[in-house]
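Architecture at a glance
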Amino acid sequence: MSTKILWQICHKNEFSNRDLTRFIVKMLREQGITIKKAARDLNIPVERARNWYYKDTGMTALDLLRMMQEYKFVRQAVENSLSLEFR
């Protein structure tokens, strides 16, 4: 297999950062978690949470890791999507 084809397979993005953020924000809204509560739970500035909650900017990897640590439903969703990807 050529290096070019292998690179394309490895870097194929099914979800962009914004798509993942939209999905997680939808889950937070369904759980009734507000911007201020998320910011307090994750120990991040409210402005940063507001950006990915309302302004459709992608969250950072650190925000995602903190969210997976804090919220069990987010961790389960990420783990389930990873397990489906590697089947």
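This is a predicted model, so every value here is computed, not measured. (Residues numbered from 1 in each chain as written. Predicted model: local features only at pLDDT ≥ 70, side-chain atom pairs only at ≥ 80, totals over all residues. Heavy atoms only, no water.)

**Digging into the confidence of the model for the chain**
- Counting all residues, the mean pLDDT for the chain is 80, and 78% of those residues have values of 70 or more.
- When pLDDT is averaged over each helix and strand of the chain, the minimum, 49, is found for helix α1 (residues 3–10) and the maximum, 92, for helix α3 (residues 35–42).
- For residues 5–9, every residue scores under 50 in pLDDT, and the model assigns this stretch 2 contacts once sequence neighbours within four places are set aside. (pLDDT = per-residue confidence, 0-100. Helix = DSSP H or I, 4+ residues; strand = E, 2+ residues; numbered from the N terminus. Contact = heavy atoms within 4.5 Å.)

**Regarding the pattern of salt bridges**
- All chains considered together, the criterion is met by 3 salt bridges.
- Put simply, Asp 41 and Lys 37 hold a salt bridge, and the shortest N to O gap is 2.9 Å. Pair noted here: Asp 41 and Lys 37 are both in helix α3, with a separation of 4 residues, about one helical turn.
- The partly exposed category is assigned to Lys 37, whose relative accessible area is 34%.
- Across the pair Arg 48 and Asp 63 runs a salt bridge, and its minimum N-O distance is 2.7 Å. Of this pair, Arg 48 sits in helix α4 (residues 46–54) while Asp 63 is found in helix α5 (residues 61–70), placing the two residues 15 residues apart along the sequence.
- Under the relative-accessibility criterion, Arg 48 is labelled partly exposed at 30%.
- A relative accessible area of 0% means that Asp 63 is categorised as buried. (Salt bridge = Lys/Arg side-chain N within 4 Å of Asp/Glu carboxyl O. Buried < 20%, exposed > 50% of the residue type's maximum accessible area, 1.4 Å probe, protein only.)

**Focus on the environment of Met 68**
- Residue position: Met 68 is located in helix α5.
- Separated by 10 residues in the primary sequence, Met 68 and Val 78 have C-alpha atoms spaced 8.1 Å apart.
- Once you skip the residues sitting within four places of it in the chain, Met 68 turns out to touch Val 74, Arg 75 and Val 78.

**Some words on helix α2 (residues 17–30)**
- The end-to-end C-alpha distance of α2, which contains 14 residues, comes to 20 Å, matching closely the 20 Å that a straight helix rising 1.5 Å per residue would cover.
- Turning to α2, its buried residues are Thr 21, Ile 24, Val 25, Met 27 and Leu 28. Viewed along the axis of α2, the buried residues span an arc of 160°, placing them on a single side of the element. Turned more than 90 degrees from where α2 packs its buried face, Lys 26 and Glu 30 sit exposed.
- One or two positions beyond α2, positive phi appears at Gly 32, with a value near 80°. (Expected span 1.5 Å × (residues − 1). Arc of directions from axis to C-beta.)

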